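# Topology and contacts: notes
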Amino acid sequence: MKIHVNGTAQEVRATTLVAALVELGYGEARVATALNEAFVPATARAAQGLEPGDRLEILAPRQGG
Amino acid sequence: MPIFYGTEVTSRLMLGTAQYPSPKALAEAFRRSGAGIATVSLRREAGGEGGAGEAFWQMIRDLGIPVLPNTAGCHSVREAVTTAHMARELFGTDWIKLEVIGHADTLQPDPFGLLEAARILSGDGFKVFPYTTEDGVLGGRLLEAGCEVLMPWGAPIGTGLGLNNIYGLRSLRAQFPDVPMVIDAGLGLPSQAAMAMELGFDAVLLNTAVAKAGDPAAMAEGFARALEAGRLAYEADPMEPRDMAAPSTPVLGLAVLE
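## Details of the overall build of chain A
- Counting its secondary structure elements, chain A contains one helix and five strands.
- Seen in sequence order, chain A has helices and strands lined up from the N terminus as β-β-α-β-β-β.
- Over its C-alpha atoms chain A spans a radius of gyration of 11 Å, differing by no more than 12% from the 11 Å that the globule rule assigns to 65 residues.
- Its C-alpha atoms give chain A principal-axis dimensions of about 35 × 25 × 20 Å.
- The buried share among the 65 residues of chain A stands at 42%.

## Some points on the sheet that holds strand S6 (residues 95–98) of chain B
Residues and elements named next belong to chain B.
- Ordered by their spatial adjacency, three strands build an open sheet running S6-S7-S8, and the pairing between neighbours is parallel. Pairing within the sheet leaves two strands with one partner each, and these edge strands are S6 and strand S8 (151–152).
- Bridge count for S6 against strand S7 (residues 127–132) is four bridges, and the pairing is parallel. Directly across from Lys97, in S7, lies its bridge partner Phe129.

## Description of the interface of chain A and chain B
- Contacts between the two partners involve 28 residues from chain A and, on the opposite side, 31 residues from chain B.
- A per-residue breakdown of the area chain A buries against chain B is headed by Arg30(A), Arg62(A) and Gly65(A), which together make up 29% of the total.
- Close ionic contact of Glu45(B) with Arg62(A) constitutes a salt bridge, the shortest N to O distance being 3.4 Å.
- Summed over the shared surface of chain A and chain B, the result is 17 residue pairs in polar contact (both at pLDDT 80 or more).
- Going through the elements one at a time, strand S3 (32–35), strand S4 (38–40) and strand S5 (55–63) of chain A are the ones with two or more residues in the side of chain A that touches chain B.
- Among the elements that take part in the side of chain A that touches chain B, S5(A) stands out by supplying seven residues, more than any other.
- Taken together, the residues that form the side of chain A that touches chain B break down as 13 nonpolar, nine polar and six charged.
- Where S5(A) and strand S4 (residues 37–44) of chain B come together, five bridges link them in antiparallel fashion. Within S4(B), the position partnered with Ala60(A) by the bridge is Arg43(B).

## Topic: the packing of helix H1 (residues 23–33) of chain B against helix H9 (residues 216–235) of chain B
All names here are of chain B.
- The interhelical angle for the contact between H1 and H9, taken along N-to-C directions, is 25°, at an axis separation of 8 Å. Considering the angle they form, H1 stands roughly parallel to H9. In this structure, H1 meets H9 at a crossing whose hand is right-handed. Along its contact with H1, which presents Glu28, Ala29, Arg32 and Ser33, the element H9 presents Pro216, Ala217, Ala218, Ala220, Glu221 and Ala224.
- Its residues assigned to classes, the contact of H1 with H9 comprises six nonpolar, one polar and three charged.

## Observations regarding the side chain of Arg12(B)
- Mapped onto the secondary structure, Arg12(B) falls in the loop between strand S2 (7–8) and strand S3 (13–16).
- Among the polar contacts made by the side chain of Arg12(B), one reaches the main-chain carbonyl oxygen of Asp202(B) at a distance of 2.9 Å.

## Focus on helix H5 (residues 136–144) of chain B
Residues and elements named next belong to chain B.
- Of all the positions in H5, only Gly136, Leu138, Gly139, Gly140 and Leu142 are classed as buried.
- In this structure, the buried residues of H5 make contact with helix H4 (111–123), S7 and helix H6 (166–175).
- Where H5 starts, the residue carrying a side-chain oxygen 2.8 Å from the main-chain nitrogen of Val137 turns out to be Asp135.
- Where H5 ends, the next residue or the one after it, Gly146, has phi of about 120°, a positive value.

## Considering the packing of aromatic side chains
All names here are of chain B.
- Per the counting criterion, the structure on display carries four aromatic pairs over all chains.
- A ring pair is formed by Trp95 and Phe129, whose centres lie 5.1 Å apart and whose planes are at 50°; its orientation type is tilted. Of the two residues, Trp95 is situated in strand S6 and Phe129 in strand S7; the sequence distance between them amounts to 34 residues.
- Overall, Trp95 belongs to the buried group, its relative accessible area being 7%.

## Here's the deal with the pattern of salt bridges
- Counted according to the given criterion, the structure contains 12 salt bridges over all chains.
- Salt bridges sharing common partners tie together Arg32(B), Glu221(B) and Arg225(B).

Definitions and cut-offs
Residues numbered from 1 in each chain as written. Chains lettered and ligands numbered in written order. Predicted model: local features only at pLDDT ≥ 70, side-chain atom pairs only at ≥ 80, totals over all residues. Heavy atoms only, no water. Helix = DSSP H or I, 4+ residues; strand = E, 2+ residues; numbered from the N terminus. Rg over C-alpha atoms; globule rule 2.2 N^0.38 Å. Buried < 20%, exposed > 50% of the residue type's maximum accessible area, 1.4 Å probe, protein only. Pairing = 2+ DSSP bridges. Contact = heavy atoms within 4.5 Å. Buried area = accessible area lost by both parts, 1.4 Å probe. Salt bridge = Lys/Arg side-chain N within 4 Å of Asp/Glu carboxyl O. Polar contact = N/O pair within 3.5 Å; in protein donor to acceptor, adjacent residues only side chain to side chain. Nonpolar A, V, L, I, M, F, W, Y, C, P; charged D, E, K, R; others polar. Axes fitted to C-alpha atoms, helices over the stretch in contact; angles between N-to-C directions. Parallel < 35°, antiparallel > 145°, perpendicular 65-115°, else oblique. Left-handed = near helix turned anticlockwise from the far one by under 90°. Phe/Tyr/Trp six-rings, centres within 6.5 Å; stacked < 30°, edge-to-face > 60°.

Written out as structure tokens, the structure is:
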């Protein structure tokens with residue numbers, strides 16, 4: 001299915017958030033996730049299903065002021 | 001030293017981590033200044049495992065000081081609240097520098113959104129450091145919402161203009177004498193940080209003034225020394241200024257020579 005990952009449309013086979021992160025190469029990465037503008041804690045990723053058109057944000061630590 | 005939500009910090013300087021010419025320059029600025037808190041943010045990760053986020057996080061951990069994640073760039077309550085939750089998980093801290101921006105050009109806080117977000121996040125267990133204005137009514141409402149720290153701006157972010165509204169800042173300080181207060185944003189020179197201390201503020205938070213200096217480490221140290229000087233002056237109970245001159249050398253015993 002096609003979902004939007006950090007603003008870019010991408011095809012994924014995964015049907016859960018945790019599987020999508022592995023498929024997209026973020027398996028062990030230090031990231032936080034939000035799906036359709038709602039925070040999804042790491043502990044909830046396995047139970048979080050995906051639907052076509054979902055908007056996934058994957059954020060990591062960055063410089064800030 | 002200031003105590004924020006029960007944690008005493010080691011310095012009155014809170015330093016941002018953005019815009020440095022290199023990671024080495026960043027680390028050196030922190031080392032020479034002895035900054036007590038590092039502010040950080042979170043952004044989209046494109047690199048997957050081993051991406052830029054991991055390398056940055058390792059460098060920040062090596063600084064060995066508490067981190068204060070921000071919600072920089074958020075213009076709505078929903079964005080800020082979601083970002084705060086993501087930051088708490090990512091950085092493992094319930095501290096959040098809450099920014100809800102109301103105007104794109106001035107980066108002025110949106111007081112209404114800020115208050116609403118502060119109320120939500122305090123209820124969610126966050127220890128909120130609100131980036132606010134010098135408005136005393138808003139300050140009072142933020143405290144009622146659960147904030148135990150106020151961070152009024154000196155001037156708009158990144159301008160280096162210093163303390164734009166001395167009266168307003170002095171008034172805010174006087175209204176809430178026991179609340180830890182941090183001048184957040186707008187400082188450009190150490191003298192401005194010293195003035196913030198002389199007004200009785202507890203700390204300053206800055207980034208651009210150090211990161212964009214020709215020698216960031218030297219500027220960071222300059223700020224640290226200015227903060228010490230300003231705080232000493234504040235604690236020394238400064239003289240009252242007056243309009244008319246008053247000779248410091250005794251007049252009594254002055255020779256009559258004409």
